[in-house]
Amino acid sequence: MHPKLPTLPEELRSIIRRFYSNPIKVDKNQEHHDLRKTSLTESETVVLAQLAYQTSPAGSLEIGLALAASCISIAAVRKHLELANEHVALDPFQETLSGSVGLLEIEREGLKKYVRWVPERSEDYLPGARARGETYDFVFIDGGHGIGQVVADAFLSDRVLNAGGVIVFHDGLLFSTLAAIKYLVQECEYVPINLPSDSTIKSMLRRGKYLVKLGPWYAAHVVPKMHGSLVALRKPLSN
Ligand SMILES: C[S@@+](CC[C@H](N)C(=O)[O-])C[C@H]1O[C@@H](n2cnc3c(N)ncnc32)[C@H](O)[C@@H]1O
């Protein structure tokens, strides 16, 4: 049994509040990107930061930098806890499709030295990371959302995650994420972490709706533990 998620220190909470106070982010070409379209909600970002804060990871990695909502929260935790390594953020399309908007936001928050952006696809970077002996205690998966991509991300992330480490998924109600989570829970003995529920009625309605779409196993074992569309899993200490 793991303890309830810790409350975030006010310094971290205020960084997230400030980041969300203006949801429109401007890229290097003066084009506008709306946080509400593809990024985590503010409340999901707070829970992601709480998970990172609780884990206090020696190594952390995320797949899918985009507007950097997730990256800023994890990097801010690293800074606050004075953790030694940089947070690794993979995204091959940051400069092209996103106009470097995430990198600009990281710089605006004064977090540049806490982040190492890698412009590579997760499926290319992670096998090399494993071969180099890179390991992580905290991985956030929010890259491509096709079934092959999310399952590959889960499979390859597992190979660089230390025992007892945490993997967090965004978009937990997609079939692709379900497939990845089923792999980690049913074949690798990961355990879903109970995240704070949004509201009891909301979570019960969601559970009913997804009972049919995603099947009874997921509705019973995973959906009740989600926060928004976040799912967090802990790797067993040994398997
Ligand atoms: C939903 S967005 C991520 C949102 C981000 N976490 C945030 O908080 O703003 C998905 C991102 O994944 C990136 N992506 C897509 N395929 C990828 C891959 N194979 N490896 C790494 N990143 C990928 C896309 O370029 C896109 O920026």
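Refer to the structure above for everything that follows.
Note that this is a predicted model, so its numbers are computed, not measured. (Residues numbered from 1 in each chain as written. Predicted model: local features only at pLDDT ≥ 70, side-chain atom pairs only at ≥ 80, totals over all residues. Heavy atoms only, no water.)

(A) View of the overall build of the chain. Per the secondary structure count, the chain includes 10 helices and 9 strands. Taking 2.2 N^0.38 as the reference for a compact globule, 239 residues should give roughly 18 Å; the C-alpha atoms of the chain span a radius of gyration of 17 Å, in line with that estimate. When its C-alpha atoms are laid out on the principal axes, the chain stretches across 45 × 45 × 35 Å. For the chain, buried positions account for 52% of its 239 residues. Within the chain, contacts between residues at least 6 apart in sequence are counted, and of these 80% link residues at least 24 apart. Surface accessibility of the chain: about 11,100 Å² in total, with carbon and sulfur atoms responsible for 55%. Counting 27 positive and 27 negative side-chain charges, the chain places the averaged centre of each group 5 Å from the other. (Helix = DSSP H or I, 4+ residues; strand = E, 2+ residues; numbered from the N terminus. Rg over C-alpha atoms; globule rule 2.2 N^0.38 Å. Buried < 20%, exposed > 50% of the residue type's maximum accessible area, 1.4 Å probe, protein only. Contact = heavy atoms within 4.5 Å. Areas by Shrake-Rupley, 256 points an atom, 1.4 Å probe, with all protein chains shown as cover. Lys, Arg positive; Asp, Glu negative; His and termini not counted. Charge placed at Lys NZ, Arg CZ, Asp CG, Glu CD.)

(B) Broad picture of the pattern of salt bridges. Taken as a whole, this structure holds 9 salt bridges when the rule is applied. Between D34 and R36 there is a salt bridge; the shortest N-O distance is 3.0 Å. A relative accessible area of 61% places R36 in the exposed class. With a closest N to O distance of 2.2 Å, R108 and E105 form a salt bridge. Linking R108 with E105, this pair stays in helix α5 (residues 101-108), spanning 3 residues, or about one helical turn. It is possible to trace a salt-bridge network through shared partners that takes in K25, E105 and R108. (Salt bridge = Lys/Arg side-chain N within 4 Å of Asp/Glu carboxyl O.)

(C) Main features of the packing of aromatic side chains. Going through the model one piece at a time under the given rule, you end up with 3 aromatic pairs. Ring centres 5.5 Å apart and planes at 80° place the aromatic pair F19 and Y20 in the edge-to-face group. The class for F19 is buried, based on a relative accessible area of 2%. In this structure, R132 is placed above the aromatic ring of Y125, and the distance from its NZ or CZ to the ring centre is 5.2 Å. (Phe/Tyr/Trp six-rings, centres within 6.5 Å; stacked < 30°, edge-to-face > 60°. Lys NZ or Arg CZ within 6 Å of the ring centre and 35° of its normal.)

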